[in-house]
Each structure stands twice: as structure tokens, then as C-alpha cells.
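# Summary of the model geometry
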Amino acid sequence: MMGGRYLKVLLLFFACNSSIGCNTPRNTDTWEVLLGAIPKSISIKDAEQTITYYILRQTHEPLFRQDDGSSYKSKLLTSWSRNISSSEYMFCPDTSRMFDKDVGFTADFFYEYLRNVAGKYDPNYKLLKQGECVAVKFTKPQSHFLAFLSRYENAPTIIKSSEVESGLGPFYVQSLSQSEAVLVRKKRVANGYNKIIVHAYTGPGDPNLENRNIADFNRISSYSQPEWIKNEYLGFNNLELKSVNVIINHPDREIRSMLYNCIDVGEFREAFSPQRKEFHDIQTLLPIGFFGSKPGKAFQQCQFPKGPSRKTAPSFVLLNQQKDNSQQLQIFIKGFYKKTGIKILTIQPPGQEVVEMLHRRPHGYNLAVVVMGTQNWDYGTVFKYYAGNSAYYDKVPKEAENIYKKLVEAPEDEKPAFAVQLADELVKQSIVLTLYQTSVKLYYPKFIKNFVIGRGFLETPEVGDFRW
């Protein structure tokens with residue numbers, strides 16, 4: 001008996017040291033991830049923010065999914081239907097679902113949820129109860145209503161506190177701090193993750209870079225990730241539907257034009273992201289994969305004014321959220337001053353403060369590098385932070401505001417044309433200088449059996465689905 005038990009332990013030891021590996025995360029039911037910052041609150045209204053979306057993906061569930069880009073399915077309904085013209089819908093909720101141990105997904109809650117979300121989509125609607133099911137009737141065909149219901153910003157939610165909302169996903173937020181968020185599964189499972197720990201990345205010296213319990217380093221820059229994951233994890237190449245852009249926040253169009261044309265795209269992106277080696281050139285903020293995207297670098301023709309003198313030339317504030325580019329950025333800034341007589345000053349606040357600066361007015365910067373990404377093909381969401389009320393600018397030019405308003409109000413089949421028009425207008429107004437489209441290699445533990453690459457535009461994993 002003793003010999004047999006010893007042999008089993010010995011075989012397990014050799015298996016864990018074989019080529020397939022027994023990465024530490026397999027020996028725990030806790031998924032750990034490194035994010036650029038921890039959001040101050042978890043709410044569906046912030047679903048467009050990448051760091052918040054990562055957590056919402058675990059805690060919330062939209063009414064519909066469109067994972068394959070065409071057909072719809074729902075985890076929250078026992079059945080659903082629509083008429084041939086898509087003007088009437090019937091939804092029957094799965095009332096066994098729970099937000100937490102005290103609040104359920106009741107028929108009454110579902111009716112109020114649909115009343116709110118349908119009214120937000122189109123005020124010309126009627127609701128009709130049929131037992132626990134609810135019929136939604138519009139005065140005209142609404143073929144994009146299901147796509148609207150598939151967005152996380154429209155997912156069923158309840159407010160638990162001033163910082164946290166709970167949804168119908170498998171996890172809930174147990175604690176939230178500046179350095180860490182802890183999510184716990186509502187119903188424990190075998191051979192799966194029952195807890196998620198989200199760590200805030202503190203920079204190149206972060207001790208978590210050597211933490212073998214962390215399964216997901218993909219939320220920080222590829223050049224900041226530890227080398228050991230390349231051998232211990234599986235890698236997947238992925239061209240992302242994201243663009244990296246320079247926001248030019250200044251009221252004077254001539255000054256914006258000078259900055260747009262004289263900040264050399266190639267020089268600046270290599271200085272701002274010195275560790276990145278691959279850049280996919282695009283001309284506007286629409287990445288390749290969106291209708292109307294344009295390959296190639298932005299057209300620039302630097303013609304800075306001869307005056308004023310260097311002593312009276314204006315200074316501009318650059319928001320720098322990178323933690324490993326100070327030397328390269330200063331070289332660029334000195335060269336830019338020598339060429340133009342224009343001074344650029346850098347500020348480097350903590351991660352969460354960067355997010356706050358981007359979403360308040362006045363913003364406190366003239367230049368900022370931001371990433372444009374979306375969880376769905378929703379042009380209104382794409383341009384929300386470039387021309388809407390939540391824009392990254394102190395003042396959006398009227399021309400861009402007017403096109404954005406038309407884009408939001410247009411029927412779905414007309415939105416792409418307005419999106420292209422608006423992307424071009426942002427270039428014309430010199431308020432967005434596109435640097436590149438992102439391409440990364442994603443790394444995940446080898447032992448996960450059911451991991452799927454290509455589901456969702458931002459490749460955010462759903463930890464609750466993983467099994468081994």
C-alpha cells in the first residue's frame with residue numbers, strides 16, 4: 001500500500017515537470033490578472049472603459065449574446081421570439097437566476113428592466129405582460145434591438161453600494177480597493193475558477209510580474225509582460241480592433257494643425273512606446289476591420305510658424321501614462337523643441353488618476369495618448385469619447401459635434417457612412433492623430449481545455465466558462 005501511494009506521488013511529480021507543464025494556476029481555483037488600474041467603481045455605465053469591462057464580463061450578463069457575429073442566444077431567457085418584421089418581440093425570463101442571495105431575476109424586475117431599456121432604445125413602444133413573459137411592441141421595425149440588448153451597458157443590474165453593482169454573471173464583487181479587486185463565484189464549481197483577484201499594475205518593477213499564480217498578463221503592454229510566460233503559457237496571435245491615437249486638446253485650430261502635422265507619427269510612437277516593435281499603420285482612428293478604415297500612415301506636412309520667438313512660444317502638457325519611456329520621450333521632446341521652438345511638458349499621474357483626468361473637464365492636458373476599442377460594432381460607442389458629451393477634449397469643434405449627432409440618430413444601415421465622415425472630420429479638425437492599430441500575442445495557461453480565441457472584439461476572457 002505504501003509503495004503504491006509513493007509511486008502515484010512520484011508519477012505526479014514527474015508529470016508536473018514534463019514538457020506540458022503544471023503551471024501554478026492549475027493548482028488553485030483562483031484566477032489572477034494584472035490590470036493597468038483598478039476602477040473606483042463597477043457600473044454598467046462605464047462598460048466602454050476597458051478595465052471596467054474586464055470585471056463586468058465576469059459579474060454581469062447581457063440579455064443576449066452575439067458571439068459569432070450573426071446569431072443571437074440568451075442565458076437569461078427560457079424562450080424568446082420576434083415577428084418577421086422585427087417590430088414585436090416576446091421574452092420569457094429565467095426567474096431562477098439570482099443577482100445575489102437576496103435579490104432574484106423576478107418577473108416584476110424583468111418587466112421594469114425592459115421598460116427602461118426599451119424606452120432608451122425607442123420611446124415609441126408598448127409592453128404587454130403575458131404571465132412571466134413580456135411582449136415588446138414597436139411602431140416600426142427594429143431589427144437592431146437584439147444587438148442593443150447584447151451590450152453590457154444595457155445588462156440587467158442592481159446597485160449594491162455607491163461603488164459596486166451586481167449582475168447576473170457567475171461572479172460578484174466581494175471587495176474593491178485601489179490596489180486590488182476580489183470577485184467570488186456565486187455557486188462553486190469543480191475543475192473551474194471560483195475566485196478572481198484583479199491586481200493593479202504598478203510598473204516595470206512590479207513584483208507580480210514574477211507571480212506564477214497570475215494567469216492573465218494580457219491587459220498590460222506586451223513589452224511589459226514577463227518573459228517566462230512565453231515558455232510556460234500558450235500564445236495566440238491577434239490583430240485587435242483597437243487604434244492608438246494622440247488627442248490634441250487645444251481651442252485654436254491653427255495650433256492643433258501645427259501639432260498634428262509636426263508630431264512625426266513614427267518618431268513619437270517609438271518614443272512613447274519604446275518597447276513595442278510592431279506597428280500597423282492606419283490613417284484615422286477606425287481600425288482595419290471597420291467599414292471605412294484606411295491603411296497607411298496619417299498624411300503630415302509640417303509647416304510651423306517662424307515666430308513667435310522661442311522665449312514666448314507656447315508650452316503644451318502631455319499626459320504620459322507609460323512607466324518605462326521617460327528617457328526616450330525626453331529625447332523626442334528636445335528634438336521637437338529644436339525643430340519648432342515649442343515646449344512640451346509631461347505629467348505622469350497614478351493609473352486611476354489618468355482615467356479621472358480623461359473623464360473630467362477641464363482635462364488638464366493638451367496631448368494624451370488613448371486607445372480606441374469597442375466591445376461591439378457600435379459606432380456611437382466608438383466616437384463617444386471623441387465627439388460626444390464625454391469627449392476627451394475641453395471643447396469639441398462644432399463640425400464634429402454635428403456629424404456625431406447625425407451618427408447617433410441615424411438608422412443602423414446609415415451609421416457606417418456617418419462614421420467615416422466623422423473620422424475624416426476629426427483629422428480635418430486636427431484633434432486626433434492616429435499612431436497605429438494594435439496587434440498582440442495573447443498568452444494563457446496551457447491546461448485550460450475550452451479556451452476560444454476570436455470570441456468578442458476585445459478578446460476579454462470569461463473566466464466563469466473555463467474548465468480543466
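Relevant structure appears above.
Here's what I pulled together on the structure shown here. Note that this is a predicted model, so its numbers are computed, not measured.

### Section: the overall build of the protein
When its secondary structure is counted, the protein shows 12 helices and 16 strands. Looking at the protein alone, contacts between residues at least 24 apart form 67% of all its contacts between residues at least 6 apart. Just so you have it, the protein exposes about 22,400 Å², and 52% of that area is on carbon and sulfur atoms.

### Quick word on empty space enclosed by the protein
Enumeration according to the criterion identifies 1 cavity of 30 Å³ or more in this entry. The space that makes up the largest cavity amounts to roughly 40 Å³. Lining of the largest cavity is provided by Ile263, Phe268, Leu318, Phe332, Ile333, Ile344 and Leu367. Looking at side-chain class alone, the lining of the largest cavity contains 7 nonpolar, no polar and no charged residues.

### Focus on the pattern of salt bridges
Summed over the entire model, instances satisfying the criterion amount to 18 salt bridges. Across the salt bridge formed by Glu356 and Lys40, the nearest N and O atoms sit 2.7 Å from each other. In this pair, Glu356 is assigned in helix α9 (residues 351–358) and Lys40 in the loop between β1 (30–35) and α2 (50–59), connecting sequence segments 316 residues apart. Sharing partners across several salt bridges, the network here consists of Arg57, Glu61, Arg65 and Glu462.

### With respect to helix α8 (residues 326–340)
Side chains of residues three or four places apart in an α-helix project in the same direction, reflecting 3.6 residues per turn. When the terminal C-alpha atoms of α8 are compared, their 21 Å separation across 15 residues agrees well with the 21 Å that a helix rising 1.5 Å per residue should span. Taken as a whole, α8 has its buried residues at Leu329, Phe332, Ile333, Phe336 and Thr340. All buried residues of α8 fall inside an arc of 100° around its axis, so they share one side. For α8, exposure combined with an orientation more than 90 degrees from the buried face picks out Gln327, Ile331, Lys334 and Lys338. Buried residues in α8 make contact with α6 (253–262), α7 (265–272), β13 (315–319) and β14 (343–347).

### Observations concerning the sheet that holds strand β2 (residues 77–82)
Here we have 4 strands laid out as an open sheet, ordered β2-β3-β5-β4, and antiparallel in their pairing. Where the open sheet ends on each side, the last strands, each with one partner, are β2 and β4 (125–130). Between one strand axis and the next, the sheet turns through 15° on average, direction left out of account. When β4 meets strand β5 (residues 133–138), the two strands line up antiparallel, connected through 6 bridges. Across the sheet, residue Leu127 finds its bridge partner in β5, namely Val136.

### A word on the packing of aromatic side chains
Enumeration according to the criterion identifies 31 aromatic pairs in this entry. Ring geometry for Tyr385 against Tyr392: centres 5.3 Å apart, planes inclined by 15°, an arrangement best described as stacked. The residues Tyr385 and Tyr392 share a single accessibility class, namely buried. Residue placement shows Lys129 over the ring face of Tyr111; its charged tip is 4.8 Å from the ring centre. Over the ring of Trp228 we find Arg212, and its NZ or CZ is 4.0 Å from the ring centre.

### Re the state of the cysteines
By the definition in use, this model includes 2 disulfides. Note that Cys92 is cross-linked by a disulfide to Cys133, the S-S spacing being 2.0 Å. Measuring the twist about the S-S bond at about 105°, one finds the Cys92-Cys133 disulfide to be right-handed. Here Cys92, found in strand β3 (residues 88–93), pairs with Cys133, found in strand β5; they are 41 residues apart in sequence, far enough to count as distant. Residue classification places Cys92 among the buried residues on the basis of a relative accessible area of 10%.

### Section: the nonpolar core
Ranked by size, the top nonpolar core spans 34 residues in total, and within it Ile247, Leu285, Phe383, Tyr386, Leu422 and Leu426 carry the most contacts. Secondary structure elements with two or more residues in this core: β12 (233–248), α9, β15 (367–373), α10 (379–387), α11 (398–409) and α12 (415–428). Broken down by element, this core gets its largest block of residues, 6 residues, from α10. Once residues lying within four places of it in the same chain are set aside, the contact partners of Leu426 are Leu285, Phe383, Tyr386, Ala400, Ile431 and Val432.

### Regarding the packing of α7 against α8
Viewed as axis vectors pointing N to C, α7 and α8 meet at an angle of 150°, and their least axial separation amounts to 7 Å. As judged from the angle between their axes, α7 and α8 are roughly antiparallel. Here Glu267, Phe268, Ala271 and Phe272 of α7 come into contact with α8, specifically with Gln328, Leu329 and Phe332.

### Thoughts on the sheet that holds strand β10 (residues 195–200)
Taken in spatial order, the 5 strands of this open sheet run β8-β9-β10-β1-β11, and their pairing is mixed. The sheet terminates laterally at β8 (171–176) and β11 (214–216), the two strands that pair on one side only. On average, each strand axis in the sheet is inclined to that of its neighbour by 30°, with strand direction left out of account. With 6 bridges connecting them, β1 and β10 associate as parallel partners. Bridge pairing links Leu35 to Ala200 in β10. Across the sheet, α2 touches β1, β8, β9 (180–185), β10 and β11, and the angle it forms with β8 is around 130°.

### Regarding the packing of α10 against α11
At a minimum axis distance of 10 Å, the contact between α10 and α11 shows a crossing angle of 160°. Taken together, the axes of α10 and α11 are roughly antiparallel relative to one another. Remark: the crossing between α10 and α11 carries left-handed chirality. On the side of α10, the interface is formed by Tyr379, Gly380, Phe383, Lys384 and Ala387, while α11 contributes Ala400, Glu401, Tyr404 and Leu407. Here the contact of α10 with α11 is composed, by residue class, of 6 nonpolar, 1 polar and 2 charged.

### Some thoughts on the pairing of β2
Sheet topology note: the β2/β3 ladder contains 5 bridges and is antiparallel. Within β3, the residue paired with Arg82 across the bridge is Tyr89. Hairpin connection from β2 to β3: 5 residues lie between these consecutive antiparallel strands, with Ser86 at a positive phi of about 60°.

Rules used in this analysis
One numbering rule holds for all chains: residues counted from 1, following each sequence as written. pLDDT decides what is reported in this predicted model: residues at 70 or higher carry local features, side-chain atom pairs at 80 or more are listed and counted, and totals for whole chains, interfaces and linings draw on all residues regardless. Values reported for side chains reflect all heavy atoms of the structure, with hydrogen atoms and water molecules removed beforehand. Here a strand is any run of E in DSSP of at least two residues, a helix any run of H or I of at least four, and the numbering for each starts at the N terminus. Here a residue-residue contact requires only that any non-hydrogen atoms of the pair lie within 4.5 Å. Accessibility throughout is a Shrake-Rupley quantity obtained with a 1.4 Å probe, and a residue counts as covered only by protein chains that appear here. Only protein atoms enter the 1 Å grid used here, on which a cavity is any set of points holding a 1.4 Å probe that cannot leave and a pocket is any open set flanked by protein within 12 Å on both sides along at least five of seven lines; residues with an atom within 4 Å of a point are listed as lining. Grid points are joined across faces, edges and corners, and a volume is the space filled by probe spheres set on the points. In this classification, the charged set is Asp, Glu, Lys and Arg, the nonpolar set is Ala, Val, Leu, Ile, Met, Phe, Trp, Tyr, Cys and Pro, and all remaining amino acids, among them Gly, are polar. Each salt bridge in this description consists of a side-chain nitrogen of Lys or Arg and a carboxyl oxygen of Asp or Glu lying within 4 Å of one another. A helix is expected to span 1.5 Å multiplied by its residue count minus one. Only protein chains enter the calculation, and the probe is 1.4 Å; a residue is then buried if its accessible area is under 20% of its type maximum, exposed if over 50%, and partly exposed in between. By construction, the arc corresponds to the directions joining the helix axis to the C-beta atoms. In this description, strands pair whenever DSSP reports at least two bridges between them. Between the N-to-C directions of two axes lies an angle of 0 to 180 degrees, each axis being a line fitted to C-alpha atoms and, for a helix, fitted only over the stretch in contact. Centre distance within 6.5 Å is the pairing criterion for rings of Phe, Tyr and Trp, where only the six-membered ring of Trp is used; planes under 30 degrees apart are then read as stacked, over 60 as edge-to-face, and the remainder as tilted. A ring is scored as having a charge over it whenever the NZ atom of a lysine or the CZ atom of an arginine sits within 6 Å of its centre and within 35 degrees of its normal. By definition, disulfides here are pairs of cysteine sulfur atoms that lie within 2.5 Å. For the purposes of this section, nonpolar cores are sets of buried Ala, Val, Leu, Ile, Met, Phe, Trp, Tyr and Cys residues that join through side-chain atoms within 4.5 Å. The scheme is simple: roughly parallel for angles under 35 degrees, roughly antiparallel for over 145, roughly perpendicular for 65 to 115, oblique for anything else. Handedness of each helix crossing follows the sense of rotation of the near helix against the far helix: counterclockwise by less than a right angle gives left-handed, clockwise gives right-handed.

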